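Reading the structure
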Amino acid sequence: MAITLITTVPGLHLQSPSLSIITSPTTLMHSWKSPQSPAFPDLSPILPLPSPVSSTFQHRVSTKISFLAVTDTPTITDIHDQSNLAEICNCSLVSKFWLYAARDHLWRHVRLGGGRRGNTFIELLQHYTSGHESTLPSFVPHVKHLFIRESRGGLSWGPKWLNAVLPTLAGSLVNLHSLEAERITWEYLSSKSRDAFIKGFKGVRKLSLRVCEFRTTLDMIRVIGEFEDVEALALDRVHCEWDDIPADSDVFVSRADDRTIPKPPRRLRELAMRGAHTRHVLKWMRVAMKHDGGRVTVEVLRLGALGAKSAPAVGKFLKTLGTNLKELHLGFDAAFIDNGGENFFLTTKDQDSRRADEVVSHIDLRHNNVLREMHVYGLIIPSLPPLDLSNFQPPTRLPPQLMPLTALLDGVRAPLRALSLALYPADPHALSSMDFEGLAHVLDGRPWTTLEDVLVVVANEDDGRMGGIVNQRLDRLLERGVLRVNVGFDDREVLFI
């Protein structure tokens, strides 16, 4: 009997195990419409459209089938391209064993939002978890990474999609490794959904909250504290309606508040924050580390939107981390960058130059003497002011740009192995005005002799000159064979965990 693999709507493998080997399109359509088949919902909205089976894929499949016939060992030995979901769906149609192996790749990452895709997934989930009999094992244990996004809705207090389905998701997906939640307003969730979110997802190792809203800063801290086993935490543009913790408050150290303010996640090793009341979260963790040594030992710290308001708290937190910190990522806030325009780094006015010095002065890296990697993002280099042709006096020599960066790196005492800088020059002339001389002097110092990789990303169109400018001005690093210069779009994320 000839075996023919037919490209069908992906997801048909969930209908019946009899579809493992298909001999004709007629048999396929009969099995699909058979009333004896479990009444699963249509999965086409959440799986890729059918595509023709490539000759290479047919050869790989036929080779595997021949191998199985001889050795009687029905397993998938290798999945060549895990990103090609359509091919993995085709593999899942071969046999139950191939189906089980393919499911790990098909369902590992699930992204849900309001609309047909989210509703279809919930229907499928409810079928497997509501006692319906099925001849196939559930796909639920294979879901490891979940992304959920709340629908906006017409009115702020109107019914929300995620509020209705959270109990089902949290009660069913018990093997989650990471959870990413976006656009959730905590106050709009019902008490049932809040409890489900905290209790059902409590065991995740990675937690990301993006563009979420809480009523107060303490509400946000209390929710984070419930996830005791989180190893990587990201807070991106998390908004609190009002800040109920004064900057000089001792609320975190009061023994009377131990029951209302939980301790930070005990296994936290990676922390990423941007625009999320950074100073309060860092103070909360710093006080916990001080009173319970070893509880929080952050090894990777990623901070975006760093400005003068949060810089003091960042400096104290870095000092507390000490030798625990292995990797540091820094990005500066919009105000810092905007003021770095025409008159920030270029101006001679003291009040403008003090702002950068103030931010950098709080970031003392001498205590982090086992730091291995450091990455700095978003270093804008604005255009130089045009020459005043009406002035017959010789032009005043302007100070180099990005001198605060030089001061920041000059404080490093750790034997770094990797350093990256993301530069955003307006033009080649602006790039040439950067403080390369001071930077080269710092990088020639003794603490930097261990450098193995220096990546300079010039986020601008490649005109054939910018890369050469960096290579020429940092020629000592080029001679050591550790300098790499990339000119083009910088797609790295400071908060990626």
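For the structure itself, consult the block above.
For the structure given in this document, a descriptive report is provided here. Keep in mind it's a predicted model, so treat the numbers as computed, not measured.

**Description of the packing of helix α9 (residues 278-291) against helix α10 (residues 311-321)**
For any two helices packed against each other, one specifies the inter-axial angle together with the distance between the axes. As a packed pair, α9 and α10 sit with axes 9 Å apart at the nearest point and diverge in direction by 30°. Relative to α10, the element α9 lies roughly parallel. Both α9 and α10 take part in a crossing whose hand is left-handed. For the pair α9 and α10, the contacting residues are Thr278, Arg279, Leu282, Met285, Arg286 and Met289 in the first and Ala313, Val314, Lys316, Phe317, Thr320 and Leu321 in the second. In the contact of α9 with α10, the residues fall into seven nonpolar, two polar and three charged.

**Side note on the packing of aromatic side chains**
Across all of its chains, the model carries seven aromatic pairs by this definition. Aromatic side chains Trp107 and Phe121 sit 6.2 Å apart centroid to centroid with 50° between the ring planes, which places their arrangement in the tilted category. Pair noted here: Trp107 is in the loop between α4 (96-106) and β1 (109-112) and Phe121 is in helix α5 (residues 116-129), with a separation of 14 residues, a long-range link. Assessed through its relative accessible area of 4%, Trp107 is described here as buried. Here the aromatic cluster, defined as three or more aromatic residues joined through ring pairs, consists of Trp186, Phe197, Phe201, Phe214 and Phe227. A cation sits over an aromatic face here: Arg111 above Phe147, 4.0 Å from the ring centre.

**Focus on the sheet that holds β1**
Strand order in the open sheet formed by 12 strands is β1-β2-β3-β4-β6-β8-β9-β10-β11-β12-β13-β14, with parallel pairing between adjacent strands. A single partner strand is all that each edge strand has here, and the edge strands are β1 and β14 (483-487). The average angle at which neighbouring strand axes cross in this sheet is 10°, direction not considered. Docked against the sheet, helix α13 (residues 403-410) engages β10 (327-332), β11 (373-381) and β12 (418-425), running at close to 170° with respect to β11.

**Describing the environment of Leu402**
Looking at the element boundaries, Leu402 is found in the loop between β11 and α13. When the C-alpha atoms of Leu402 and Ser433 are compared, they prove to be 8.8 Å apart, with 31 residues separating the residues in sequence.

Reading guide: rules and limits
- Residues numbered from 1 in each chain as written.
- Predicted model: local features only at pLDDT ≥ 70, side-chain atom pairs only at ≥ 80, totals over all residues.
- Heavy atoms only, no water.
- Axes fitted to C-alpha atoms, helices over the stretch in contact; angles between N-to-C directions.
- Helix = DSSP H or I, 4+ residues; strand = E, 2+ residues; numbered from the N terminus.
- Parallel < 35°, antiparallel > 145°, perpendicular 65-115°, else oblique.
- Left-handed = near helix turned anticlockwise from the far one by under 90°.
- Contact = heavy atoms within 4.5 Å.
- Nonpolar A, V, L, I, M, F, W, Y, C, P; charged D, E, K, R; others polar.
- Phe/Tyr/Trp six-rings, centres within 6.5 Å; stacked < 30°, edge-to-face > 60°.
- Buried < 20%, exposed > 50% of the residue type's maximum accessible area, 1.4 Å probe, protein only.
- Lys NZ or Arg CZ within 6 Å of the ring centre and 35° of its normal.
- Pairing = 2+ DSSP bridges.

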